[in-house]
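Observations on chain architecture
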Amino acid sequence: MPEQVLTGIPTAPGIAIGEVFLFRHDEPEFREFCILESRRDEEIARFEESRGETRRQLATLRENLAHQVGEAVARIFDAQIAILEDEEFIGAVLDRIGRDGLNAESVVRRTAEQFHNKFISLDEELFRQRAQDVRDVGRRLVKNLLGTGDRTVGPLDQPAVLVTDDLLPSDVVHLLRENVQAVATDLGGAASHTAIITRSLEVPAVVGLKELTRLVHSQDRIIVNGNSGKVIVRPSGPTVRSYRAKLARYEEYQRGLAGIERLPAVTLDDHRVALRANIELPREVDAVISHGAEGIGLFRSEYLFLARNRLPSEEEQIADYQQVIKSVAPHPVTIRTYDLGGDKMFPNHPHPAEANPFMGWRAVRVSLDQPLLLRTQLRAILRAAAAGPTRIMFPLISDLQEVRQVKGYLEEVKSELKEGGFTLQSEVAVGAMIELPSAAVMADKLAREVDFFSIGTNDLTQFTLAVDRGNERVRRLYRPLHPALIRMVRMTIEAGHAAGIEVAMCGELSASPLATMLLVGLGVDELSVSPVAVPEIKKIIRSMSYRDAVALAGQALELDTADELDEFCREEMKSRFADLPIWFSG
Ligand code: PEP
Ligand code: MG
């Protein structure tokens with residue numbers, strides 16, 4: 001088969017050439033085998049058991065949905081429940097187990113595919129829906145036959161390129177970096193949590209490749225270019241040779257960064273930028289230190305919840321926070337309170353289905369509606385803060401009222417702790433994430449309420465431009481380097497500085513080498529990036545002058561469109577930093 005080139009969104013740098021390890025969350029793996037004639041009744045009984053379990057699961061789903069969003073939507077499940085009673089479908093399965101003597105999983109998958117293909121060929125919307133339903137029911141039956149719940153990617157037992165439909169927060173807990181040469185996924189936009197997770201693995205990654213899992217087979221050869229977003233399936237000999245050369249050059253560039261971790265992020269004319277790291281789980285602190293970040297600018301604490309599949313207790317939180325704080329001291333750790341909701345759902349947590357979850361019940365809104373959750377977390381942070389410099393940050397702040405409310409809870413918790421005999425050892429600074437346009441517009445007022453700001457460009461971009469950050473179909477429109485965004489960033493920095501507070505940035509734009517001079521020139525005090533991005537950003541900061549950066553930012557602010565801004569940053573950066581991997585590794 002000829003090579004195929006796909007282009008997705010590059011989310012973690014590097015180039016890998018390897019073999020595919022294919023994993024789909026919705027398609028359990030199993031072997032096909034024959035059943036002795038004497039045991040076929042047992043196999044039929046096994047199938048009937050899974051049919052009963054599937055019926056129960058679908059009925060529960062239907063009931064929950066009816067409760068949450070209404071009867072009309074819940075009826076979708078009636079069609080699936082009906083398939084379990086459909087004489088033609090069930091008859092065919094039972095017949096084949098008895099006649100062909102194959103294991104029930106194989107028979108169900110084959111029969112469901114056959115019905116799916118028949119319906120799809122009828123080319124009418126109603127039948128297309130039925131095709132989808134029969135496939136879903138087939139998958140659920142197979143899962144129940146195997147006794148597996150929703151699958152998560154486990155550790156790989158030999159080196160391979162992980163090709164998967166999606167990488168979920170629940171996967172990241174089990175998936176170790178070992179043996180993962182690179183990651184390529186069907187789903188995910190530039191600032192989706194899939195993208196963020198791939199970055200934390202520190203292997204080359206490309207997301208949003210749409211149909212990739214349908215185009216490859218396990219053990220196919222594949223190239224993943226996490227610098228350009230290109231993925232080449234079954235590459236030809238000359239392509240492999242050309243990528244080996246790019247890889248060699250990239251490795252040479254990486255070697256050139258050695259030693260930089262011990263140096264500060266300071267410009268040639270002595271302007272200091274705090275270069276910190278974003279983490280999801282405590283185990284990433286080693287990478288924070290080895291890559292030379294000066295502390296943690298964003299600890300996405302909700303991953304402590306996702307990693308356990310349940311709420312961590314106060315003591316568990318303290319242990320996790322303390323481990324991180326102690327490891328990076330004397331540098332500070334900024335702990336963001338839970339940002340649950342959006343695409344970070346805890347599967348067993350009661351959470352109503354929402355049409356627009358990113359704009360729904362998430363982040364600080366959940367915390368304010370569940371004061372116990374918030375107070376426990378605040379108490380854990382304050383108690384852990386005795387271990388070293390700690391800051392608290394609140395996500396998705398939309399106005400002053402919310403800030404005042406969360407600060408009210410913080411003061412209450414502090415008083416309780418003091419009354420309980422606990423000595424608060426240090427002042428814990430309080431920050432607001434500026435990631436909603438309303439917060440950017442009100443930044444002057446908000447600045448009087450908090451000790452620092454951190455600009456979350458991932459959400460700020462999606463809400464300013466009304467472009468879903470996780471949807472690869474609108475990725476062309478997702479442009480953090482947009483004049484509207486840059487103006488908001490400037491506004492926020494000016495407002496923060498006028499009030500004498502520091503302004504950080506922790507969205508993915510902070511890690512873009514194209515934007516480093518612009519952001520520093522706009523006056524950002526801290527950049528917080530994934531650990532793997534620290535050396536490259538530090539090298540740029542150490543090789544530029546602040547004076548030039550301010551001039552460059554001034555020119556950038558005059559530009560009219562995202563294309564102009566992008567081209568301007570490319571030209572300026574290319575003329576100054578000709579050796580960056582973005583230029584040679586396309
Ligand atoms: C952001 O929105 O830019 C941000 C850093 O937060 P998260 O990606 O966790 O939403
Ligand atoms: Mg955010």
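The paragraphs below set out a description of the structure included in this document. (Residues numbered from 1 in each chain as written. Chains lettered and ligands numbered in written order. Predicted model: local features only at pLDDT ≥ 70, side-chain atom pairs only at ≥ 80, totals over all residues. Heavy atoms only, no water.)

Quick look at the nonpolar core
To keep it simple, the criterion reads: Put simply, a nonpolar core is a bunch of buried Ala, Val, Leu, Ile, Met, Phe, Trp, Tyr and Cys residues held in one set by side-chain atoms that sit within 4.5 Å of each other. Accessibility here uses a 1.4 Å probe with only protein chains present; expressed as a share of the type maximum, an area under 20% marks a residue as buried, one over 50% as exposed, and anything in between as partly exposed. To qualify as a helix, a DSSP run of H or I must reach at least 4 residues; to qualify as a strand, a run of E must reach at least 2; elements of each kind are numbered from the N terminus. In this description, contact between two residues means that some pair of their heavy atoms is separated by no more than 4.5 Å.
Residues I296, F299, Y321, F394, F453, L518 and L527 are the most contacted members of the largest nonpolar core, which totals 95 residues. Broken down by element, this core gets its largest block of residues, seven residues, from helix α16 (residues 400-419). Look past the residues within four positions of F394 in its chain and what remains in contact with it is T337, V364, L374, L378, V406, V430, G431, A432 and M433.

Section: the packing of helix α23 (residues 546-556) against helix α24 (residues 562-576)
Two measures define how a pair of helices packs: the angle their axes make with one another and the distance between the axes. Rule in force here: Convention adopted: a line fitted to C-alpha atoms gives each axis, helices being fitted over their contacting stretch, and angles between N-to-C directions are expressed from 0 to 180 degrees. Any angle that falls under 35 degrees is termed roughly parallel, while one over 145 is termed roughly antiparallel, one within 65 to 115 roughly perpendicular, and all others oblique. In this scheme the handedness of a crossing depends on how the near helix is turned from the far one: anticlockwise by less than a right angle means left-handed, clockwise means right-handed.
Put simply, α23 and α24 touch, their axes get as near as 11 Å, and they point 155 degrees apart. Here α24 runs roughly antiparallel to α23, going by the angle between their axes. By crossing handedness, the relation of α23 to α24 is classed as right-handed. Along the contact surface, α23 presents D548, L552, Q555 and A556, while α24 presents L565, F568, E572 and R576.

Focus: the side chain of R391
For the record, the criterion: Think of a polar contact as two N or O atoms within 3.5 Å of one another; within protein, one of them needs to be a possible hydrogen donor and the other a possible acceptor, and neighboring residues in sequence only count if both atoms come from side chains.
Considering the arrangement of structural elements, one finds R391 in strand β12 (residues 390-394). A distance of 2.9 Å separates the side chain of R391 from the side chain of E526, its partner in a polar contact. When sequence neighbours within four positions are dropped, the list of residues in contact with R391 reads R276, V333, T334, I335, V428, A429, F452, E502 and E526.

Description of the site of ligand 1
As a reminder of what qualifies: Put simply, a residue is near a molecule or strand once any heavy atom of it comes within 4 Å of that molecule or strand. Method for areas: the Shrake-Rupley scheme with a 1.4 Å probe, in which residue coverage is limited to the protein chains shown. We call Asp, Glu, Lys and Arg charged. Ala, Val, Leu, Ile, Met, Phe, Trp, Tyr, Cys and Pro are nonpolar, and the rest, Gly among them, are polar.
As a matter of local geometry, ligand 1 sits amid 17 residues, with R300, R336, G456, N458 and R469 nearest to it. In this structure, an oxygen atom belonging to ligand 1 sits 2.9 Å away from a side-chain N or O atom of R336. Between ligand 1 and N458 there is a distance of 2.7 Å, counted from an oxygen atom to a backbone nitrogen or oxygen. Expressed as a share of its isolated accessible area of 290 Å², the protein-covered part of ligand 1 is 100%. The element best represented in the shell around ligand 1 is helix α19 (residues 457-465), accounting for three residues. Looking at side-chain class alone, the shell around ligand 1 contains four nonpolar, five polar and eight charged residues.

Focus: unusual backbone geometry
Glycine aside, negative phi is the norm for most residues, and most peptide bonds take the trans geometry. In this model, A329 is joined to P330 through a cis peptide bond whose omega is 10 degrees. Looking at where P330 falls in the secondary structure, it is placed in the loop between α13 (314-328) and β11 (333-336). In this structure, A363 is a non-glycine residue whose phi angle is positive, near 50 degrees. As for its placement among the helices and strands, A363 is situated in helix α14 (residues 363-369). One non-glycine residue, A466, adopts positive backbone phi at about 55 degrees. By the secondary structure assignment, A466 is in the loop between α19 and α20 (483-498).

Remarks on the coordination of the magnesium ion (ligand 2)
Each pair of donors in an ideal octahedron of six around a metal sits at 90 or 180 degrees, and each pair in an ideal tetrahedron of four sits at 109.5 degrees. To be explicit about the condition: Only nitrogen, oxygen and sulfur atoms qualify as donors, provided they sit within 2.8 Å of the metal or within 3.2 Å for Na, K and Ca; with water excluded from the atoms, sites may seem incomplete.
Within the first shell, the magnesium ion (ligand 2) binds the protein through E435 (OE) and D459 (OD), at distances of 2.0 to 2.1 Å. Taken together, the residues E435 in the loop between β13 (429-434) and α17 (437-441) and D459 in helix α19 connect sequence positions 24 residues apart. Taken as a pair, E435 and D459 share a single burial class, namely buried.

Quick word on the environment of L102
The topology assignment puts L102 in the loop between α4 (87-100) and α5 (104-121). Given the relative accessible area of 12%, L102 is considered buried. With 69 residues separating them along the chain, L102 and F33 place their C-alpha atoms 5.8 Å apart. If we ignore the near neighbours within four places in the chain, the residues touching L102 are E32, F33, C34, I35, E43, R96, I97, V107 and R110.

The values are spatial; any link to function lies outside them.
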